[in-house]
Every structure is written in structure tokens, then in C-alpha cells.
Amino acid sequence: MKKFIIVFMVFIGIFLPIPFVKANNVLMKWEDVASMQINRTSGETRTFHENDGMEAFVIQKVVEWINTATPVKKTKELDNRKTPIAILKMKMKNGDVAIVETAYDCHVQHQTKFCALVDGDVILTHHNQKTRLKSVEFFDWLLTGWKHESTTPPQDTKEMMVHDILMILLGREIDKAVNHYYSKYLNYSPSVYPYQIEIVKIERIGGYRTFHFFITLEATPVVGPHISVGKDRLTFEIAPTIIPSQIKLKKFEHLETHELPPHWQDIIKQNER
């Protein structure tokens, strides 16, 4: 069970040929991000902090877009005379700042330079490297989507709290079962978060107010920036007076296998599951 965090990005205009690098690894870890701030030329600005639970969800989403975006191989240059539409700055916990900006394609005609915004393309500047990426969702968010992010937490309920408490108590057994299954196929242990577990069915064995239960759950294990690897159904028996450890896994069913993005393919031990 891990906490959420994410990335801070800046729109910077530098008139230079850019040596683009291929994004074949995780470009950023949400654990390393302290905050991110976006500024518009119109004067609008907004900041998201990792120590705020709801804002951390937004940071995590941005980092996932960066890590799952498709690398763009063509090398073009940015135009330093254009007024940035938006600047997204990512402040890392070690003091570094990462930058994301929209990408332009430029050409010269009759000694005049023309630059056009490329729909879906962004430039990430991180560790003194520039990486051009294609992510339509991230591009749209960078332009306007951030304005509509809601960071007002939904109303908590007794049912939700009971669910989360139960998942925390069952967490060790869930992790053990999931890791046992995926260890045959992955060299990286996936994580299962309480909010990615759904209670399918609960049965009381023995009648009213007895304390012997069967509980069936469906879980979505993830790796890295919450990239799902599959979906599984687990049935546990809970019986304090019968089972020494009180909880016993009765059945594990693998329901779905989810395809990993290219830069996560190296954690697969074998292609067939």
C-alpha cells in the first residue's frame, strides 16, 4: 500500500535544436515529486501538492501520462519567440525542477520562420534531457484540463470506512496471494491498493451472529505509476475459532491479463500467462 505523489512541469521556450531521447524507461517516479504548478499567460495559475490527498491524485495522473506516453522520434526545434500558452513546473523533492511544454514543428519559407503547435505532442525536460512525447490526454490537460480538476474530497461514508478498514486488515493476505501468482510471470511484485478492491460477495456460515465467513473480492494489481497488470478474484475464509491465523485463502482466480506499455515489457518473464 503506497501513497500517491507526482510531477511538476514547466513551459520553457528555448530556440535550440533538440536532441530527443527515447522514453523506453520510467521517466519519472511519483514518489519523487513534491508539487507541480501550472501558469497561463492569461494570469491563471494553480498548484498541486503531494501532501494533499486529493491533489496527490492529480499529480499521480500526470506522472502516469508521462511514463505511458509514446516517444516521438522526429527531431524538431522549439521557437523561443512564441509566448508560452502554459507552463507546467514539477518540483522534485531533491530540489530539481522538471519541465513540460507543448511541442511545435517549425519550417522556414522565404526567410520567414513558421511554427505550428503539434496536437498531442509535448516536450519533457528532465535531468538536462529533452524528450518529445505523444499523449493526447496530457496535451489537452496541459492546455485546459487542469482548470477543471476537482480537489474537493467526496463525502465519506460509514460503508466506505468499513470497506477500507477491512481491506487494510486483509491486505497482507491479498498481497501474498497476488504476489504468489504473478511471481510466475513477472520479475516485479505488483501492488494492490484498498480502493482497487471490490467486495463481490460475503457469506456468513452457520447462521445469525456466528463468526465464520467467506468473502469474495476482485482486485486490480498494478505496477509502477498504477499500471494495471490484470484482474483477479480471491475468496477468503475468515473463522477466528477454526483457522489458527483466522484468515485462509480458499480460491484464487485470474480473470484478466492486461497488456503492459512498451517500457514495462522487461518485467515479463514469459509472454504466455
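Here, every reference points to the structure presented above.
Presented here is a report on the structure given in the accompanying data block. Note that the structure is a prediction, hence the values are computed from the model and not measured.

About the cut-offs
- Residues numbered from 1 in each chain as written.
- Predicted model: local features only at pLDDT ≥ 70, side-chain atom pairs only at ≥ 80, totals over all residues.
- Heavy atoms only, no water.
- Helix = DSSP H or I, 4+ residues; strand = E, 2+ residues; numbered from the N terminus.
- Buried < 20%, exposed > 50% of the residue type's maximum accessible area, 1.4 Å probe, protein only.
- 1 Å grid on protein atoms, 1.4 Å probe; cavity = no way out; pocket = protein on both sides within 12 Å on 5 of 7 lines; lining within 4 Å.
- Points joined across faces, edges and corners; volume = space filled by probe spheres on them.
- Nonpolar A, V, L, I, M, F, W, Y, C, P; charged D, E, K, R; others polar.
- Contact = heavy atoms within 4.5 Å.
- Polar contact = N/O pair within 3.5 Å; in protein donor to acceptor, adjacent residues only side chain to side chain.
- Pairing = 2+ DSSP bridges.
- Axes fitted to C-alpha atoms, helices over the stretch in contact; angles between N-to-C directions.

**Some points on unusual backbone geometry**
So, step 1. For Asn128, which is not glycine, the phi torsion reads 65° and is therefore positive.
So, step 2. One can find Asn128 in the loop between β6 (112–126) and β7 (129–134).
So, step 3. Take Asn128: its relative accessible area is 83%, and that puts it in the exposed class.
So, step 4. Positive phi outside glycine occurs at Gln246, with the angle close to 75°.
So, step 5. Mapped onto the secondary structure, Gln246 falls in the loop between β12 (230–238) and β13 (247–257).
So, step 6. Among the residues examined, Gln246 registers a relative accessible area of 42% and is labelled partly exposed.

**Examining the layout of surface pockets**
So, step 1. For the largest pocket, the calculated volume is near 260 Å³.
So, step 2. Taken together, Pro154, Asp156, Met160, Met161, His163, Asp164, Pro194, Tyr195 and Ile197 make up the full set of residues lining the largest pocket.
So, step 3. By residue number, the principal contributor to the lining of the largest pocket is helix α3 (residues 158–182), which donates 4 residues.
So, step 4. Of the residues in the lining of the largest pocket, the class split is 6 nonpolar, 1 polar and 2 charged.

**Here we look at the environment of Glu44**
So, step 1. Mapped onto the secondary structure, Glu44 falls in the loop between β1 (33–40) and β2 (45–49).
So, step 2. For Glu44, a relative accessible area of 34% corresponds to the partly exposed category.
So, step 3. Taking the C-alpha atoms as reference, Glu44 lies 9.3 Å from Ala86; in sequence the two are 42 residues apart.
So, step 4. Aside from chain neighbours lying at most four places away, what touches Glu44 is Ile38, Asn39, Trp146 and Lys147.
So, step 5. For Glu44, the side chain forms a polar contact with the side chain of Lys147, separated by 3.2 Å.

**Side note on the sheet that holds strand β8 (residues 197–204)**
Remark on secondary structure: sheet strands pair via backbone hydrogen bonds, oriented parallel or antiparallel.
So, step 1. If you trace the 4 strands from one edge of the open sheet to the other, you get β8-β9-β12-β13, paired in antiparallel fashion. Single-partner strands in this sheet number two, and they are β8 and β13. The sheet shows a mean angle of 15° between the axes of neighbouring strands, taken without regard to direction.
So, step 2. Direction of pairing for β12 relative to β13: antiparallel, over a ladder of 9 bridges. Pairing of Arg233 across the sheet is with Glu253, part of β13.
So, step 3. Running at roughly 65° to β13, α3 makes contact with β8, β9 (213–219), β12 and β13 of the sheet.

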